[in-house]
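Structural characterization, general
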Amino acid sequence: MNDKMELTPLTERFVLHFGEMGSRWGVNRTVGQIYALLFIAPEPLNADEIAETLGFSRSNVSMGMKELMSWRLARLLHRPGDRREYFEAPKDIWEIFRTLAEEKRKREIEPTLSMLRDALLEIPQTDNERHAQARMREMHELIEMATVWFDEVQRLSPETLEGLMRLGAKVQKVLGFTDKLRGKD
């Protein structure tokens, strides 16, 4: 069996782009490229295939796979009669979206909310602290509101969520019309 998945110019561009974007998304280039390869691979790949295809060391692939599995963006599989571990990205694009959102929330939003809650429990000692705490309260309220909204959106079916996303600015028009009916120009 060939230990290398052949990348075409199209697929190579996709893989390289994900590597470049990785640092903006909080992962390194290697992890971004491994994920992109798994995402487009028609079949699960083992670590040797990933290493050979991307030109990475086996240890870099192992570390990258651990990172992707911690993000729940890769699954470990076994094949009968084969001792090697195989990996694949989730197939359902909505599952990937939800997983990324949940992981970002767990890693970024929840620690920020926790810090803000702690800061809001403190008694301000100066006018500057009172001002800072008022601003932190605004931030906390906005993040909490967005988090509650996001929880509700997460419970929508993929079909409903897609329909909502396609509505775009039409939602604003509906809300504006509702406000007019209530007399809230």
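Residues numbered from 1 in each chain as written. Predicted model: local features only at pLDDT ≥ 70, side-chain atom pairs only at ≥ 80, totals over all residues. Heavy atoms only, no water.

1. What about the domain arrangement of the chain?
Defined as follows: Domains are outlined according to an automatic or database domain assignment. Two residues qualify as a contact provided that any one of their heavy atoms is within 4.5 Å of a heavy atom in the partner residue. Buried area: the accessible surface (1.4 Å probe) lost by two parts on joining, summed over both. By definition here, a salt bridge exists when the distance from a side-chain nitrogen of Lys or Arg to a carboxyl oxygen of Asp or Glu is within 4 Å. Whenever two N or O atoms come within 3.5 Å, that pair is a polar contact, provided that in protein one can donate a hydrogen and the other can accept it, and provided that, for residues adjacent in sequence, both atoms are side-chain atoms. For this scheme, ten residues count as nonpolar: Ala, Val, Leu, Ile, Met, Phe, Trp, Tyr, Cys and Pro. Four count as charged, namely Asp, Glu, Lys and Arg, and the remainder, Gly too, count as polar.
Taken domain by domain, the chain consists of domain 1 (9–88) and domain 2 (93–157). In this complex, domain 1 contributes 8 residues to the contact, which on the side of domain 2 involves 9 residues. Both sides together, the interface formed by domain 1 and domain 2 hides about 820 Å², and carbon and sulfur atoms give 51% of it. Taken as a group, Trp71, Arg72 and Leu73 account for 61% of the area that domain 1 buries against domain 2, more than any other trio of residues on that side. The tally of links between domain 1 and domain 2 comes to 3 salt bridges. A salt bridge links glutamate 103 to arginine 72; the nearest nitrogen and oxygen atoms lie 2.8 Å apart. Scanning the region where domain 1 abuts domain 2 turns up 5 residue pairs in polar contact (both at pLDDT 80 or more). Here the residues of the side of domain 1 that touches domain 2 are counted per class, giving 5 nonpolar, 1 polar and 2 charged.

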